[in-house]
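Architecture and fold: a report
Listed here are the chains, written in short residue letters.
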Amino acid sequence: MADKIIYMDNAATTPVRPEALAAMLPYFTEKFGNPSSIYRISAENKNAITTAREKIAETIHTTAENIYFTAGGSESDNWAIKAAAEAYAEKGKHIITSKIEHHAVLHTCEYLEKHGFEVTYLDVDENGLVDLKQLEASIRPDTILISVMFANNEIGTVEPIAEIGAIAKNHGVLFHTDAVQAYTKENIDVEAMHIDMLSASGHKIGGPKGIGFLYIRKGVKIRSLIHGGAQERRRRAGTENVTGIIGMAKAAELAVSEQKEITEKEKKIRDHLIARIEKEIPYARLNGDREKRLANNVNFSFRFIEGESMLIMLDGKGICASSGSACTSGSLDPSHVLLAIGLPHEIAHGSLRLTVSDQTTLEEADFVVDSLKEIVEKLRSMSPLYEDFIKNNK
Amino acid sequence: MYSEKVMDHFQNPRNVGEIEEASGVGTVGNAKCGDIMRMYLDIDDHQVIRDCKFKTFGCGAAVATSSMATELVKGKTVNEALKITNQAVMEALDGLPPVKVHCSLLAEEAIHAALWDYAEKNGIKIEGLAKPKSDIGEEEEEEEY
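Re the side chain of A:R276
- Among the structural elements, A:R276 can be located in helix α8 (residues 259-280).
- Here A:D370 takes part through its side chain, which lies 2.6 Å from a polar atom of the side chain of A:R276.

What to know about helix α4 (residues 103-113) of chain A
- Along α4(A), the positions that sit buried rather than exposed are A:A104, A:V105, A:L106, A:T108, A:C109 and A:L112.
- Each element contacted by the buried residues of α4(A) is listed here: α3 (73-88), β3 (94-98), β4 (118-122), β5 (143-147), β6 (174-178) and α10 (336-340) of chain A.

Regarding unusual backbone geometry
- If you check the backbone angles, A:T184 has positive phi at about 75° while not being a glycine.
- Following the sequence through the fold, A:T184 ends up in the loop between β6 and β7 (197-201).
- The residue B:N15 is not glycine, and still its phi comes out positive at about 60°.
- Secondary-structure assignment places B:N15 in the loop between α1 (4-11) and β1 (24-30).
- Relative accessible area serves as the criterion here: at 13%, B:N15 is assigned to the buried category.

Quick notes on the sheet that holds strand β8 (residues 212-216) of chain A
Residues and elements named next belong to chain A.
- Pairing within the open sheet is mixed, and its seven strands lie in the order β2-β8-β7-β6-β5-β3-β4. The open sheet has two edge strands, β2 (67-70) and β4, and neither has a second partner. Averaged over all pairs of adjacent strands, the angle between strand axes in this sheet comes to 20°, irrespective of strand direction.
- Pairing between β3 and β4: five bridges, direction parallel. Residue pairing for β4: H94 is matched across the bridge by E118.
- Against the sheet, α4 makes contact with β3, β4, β5 and β6, and its axis sits at roughly 150° relative to β4, the strand it touches most.

Focus on the packing of aromatic side chains
Residues and elements named next belong to chain A.
- Taken as a whole, this structure holds seven aromatic pairs over all chains when the rule is applied.
- Here the aromatic rings of Y68 and W79 are separated by 5.9 Å at their centres, their planes lie at 85°, and the arrangement is edge-to-face. Taken together, the positions of Y68 in strand β2 and W79 in helix α3 put the pair eleven residues apart, joining distant regions of the chain. Here the two residues Y68 and W79 agree in accessibility, since each one is buried.
- Residues F300 and F302 carry aromatic rings whose centres are separated by 6.0 Å and whose planes lie at 25° to one another, so their mutual orientation is stacked.
- One aromatic cluster in this structure is built from Y283, F304, Y386 and F389.

A word on the pattern of salt bridges
Residues and elements named next belong to chain A.
- A full pass over the atoms with the stated rule returns 33 salt bridges over all chains.
- Between R270 and D271 there is a salt bridge; the shortest N-O distance is 2.9 Å.
- The exposure class of R270 is buried, given its relative accessible area of 5%.
- Exposure remark for D271: the relative accessible area of 39% places this residue in the partly exposed category.
- For the salt bridge of E280 with K373, the shortest nitrogen-to-oxygen distance reads 2.8 Å. Within this pair, whereas E280 is found in helix α8, its partner K373 is found in helix α12 (residues 362-381), the two being separated by 93 residues in sequence.
- Assessed through its relative accessible area of 26%, E280 is described here as partly exposed.
- Note on K373: relative accessible area 33%, which makes it partly exposed.

Calculation notes
- Residues numbered from 1 in each chain as written.
- Chains lettered and ligands numbered in written order.
- Predicted model: local features only at pLDDT ≥ 70, side-chain atom pairs only at ≥ 80, totals over all residues.
- Heavy atoms only, no water.
- Helix = DSSP H or I, 4+ residues; strand = E, 2+ residues; numbered from the N terminus.
- Polar contact = N/O pair within 3.5 Å; in protein donor to acceptor, adjacent residues only side chain to side chain.
- Buried < 20%, exposed > 50% of the residue type's maximum accessible area, 1.4 Å probe, protein only.
- Contact = heavy atoms within 4.5 Å.
- Pairing = 2+ DSSP bridges.
- Axes fitted to C-alpha atoms, helices over the stretch in contact; angles between N-to-C directions.
- Phe/Tyr/Trp six-rings, centres within 6.5 Å; stacked < 30°, edge-to-face > 60°.
- Salt bridge = Lys/Arg side-chain N within 4 Å of Asp/Glu carboxyl O.

Okay, here's the thing in C-alpha cells:
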C-alpha cells in the first residue's frame, strides 16, 4: 500500500481539477495573445478574462469590477493590509487582527508596526474563536482596519464573519478577511457579511498555483500594488496570468456549484476520522471547534510524541499530512495557532493536521487511522515523557 | 532532507528502551522546544559501557542522533565515551540539515548527563565532565484531557 499516495493535505494545496486544466490549456498555445493588444486573438483573451472575473464575482455575491487578480493569497493579504494602511493613515494608525492569522497577515502587521502603526492582536478561545466583545472594545477612534480570517488554516475553525462585519460597519472601520481556506467551502456573501476586502487563492480549490484574487469593495480607498499599466483598473499592473485566471475561475465555478455534495462527502470522512481517532487512540485532543469547523479539517494533538516524527512515519506509508510542530517550521516554537488556543508547548509539538477532499475514500481514512494507531504507539514506546507519565500514574 | 543513514536510524532505531537499575541515567532537553532525550548506561567494574539504551521525544533527527549515540558509546570506556562529540555523531549519520544540528548537541549532552549520574552514584570523579544542565521542566503541570 506504501506505493499508493493517500493525500490528506488539501489545506496545503490541491491538484488542478481536470476541467480547470482543460479550460487552461488553449491559453498556453493558440490563445497566447496579450489581452491588452488590439487584434482579435487578444480581444478574445480580454473577453475570457472578463467572463472569468464575472464568474469569480458571483461566487462571493459581488460584481466583476470589485475583483482584482493577484498572484495568490499571500499577495492579496499583503496588498489589502499595507495599501489600506497607507491610504487611511491620515484617519488613524490602528489595526485590529487576531493571534491565529496566517503569517501573510501577521508578518504584514508586524511590518506595519515598525512603520508607525499600532496593532491589536485579538485572543481566541480554546476552540480558536475570536471574542466579539473584545473585538468591539478594541475599536478606537483611530482604528482603520479589522482583519480576521474567515477560517483557520490549521485547526479549521470558522470565525463569526457576519458578526465581525456588522461590528466593523457600525464603527465605520474597514473589514478585511483572509478567506483562503474558506473560499468555495463556506457560503460567502460580501454584501450580507459587510466584507470590504477578501483574499482568496486558486490552488486551494482545485485551480493552479500562482493565482489568487483580492475583492475590494467599490469606494474603498486603496493604493496600487504594482504601477506600470492599465491592468486590474491600474491597481495591479502587469500582463495578466491568463491561464491562471481561466483555471481558477473554472475551479471556483465548479466548487461552488458542487459545494453541497462536496461538503457532505468531506464531512462524512472528517467525522469518521475524528470519531475513530477519539475512540481508538488515547491521550488525543481534537483541536478547533467541533461545529464551527471546515468540512475537510481534522486536527489532533497526540500527547508525548512529536509531530515531525509522525509525519515521516506517515510518509513511509504513503500518507501526506502536516503538523504544527516546531521541527516542521524551522524554528523552536510550535505553531502560533496552537499556542493561541492555549495548548502547552509539548502538546502543540505533537499535532497532526489531516485535510481531506471529496475524493478521499472511507477506506483511505481507515488506512490512515490504522497507520496512525501503530505510529503513535511506536513513538510513545520510545518517548521518555510517556515513560514518566505511565510511572507516575501507576 | 535527511540522509539515508538518518532515515535508517529513525525508522529502525537501535537500542530503544530502558535499563533496569542502570549504572547511570541522564535526561536532557526541554519539552518546550520539542526535544527530550533520556540515556541509560550499564557500566561494568572496569568502567566499560556494556549496554546503552535510550528513549527520545523529538523529531526524526533527534531519534536518529540518539540511536547513533548509543551505538557509538557501546563497548567504550567511560573516558572514551566522554570524548564523543556531537560532530562525531553527525558524521556517523552522514550529516544533518543545519536546523537540526542542535539535536546532535542534545545527544552529546545526554551521554554526559548519564555519565554524571554514574559518577555521582559511585562517588567517583570523571576528569573533564561537568554537571549537566537540567532543563527538562518537570515542574510543568500535566494537563488532563
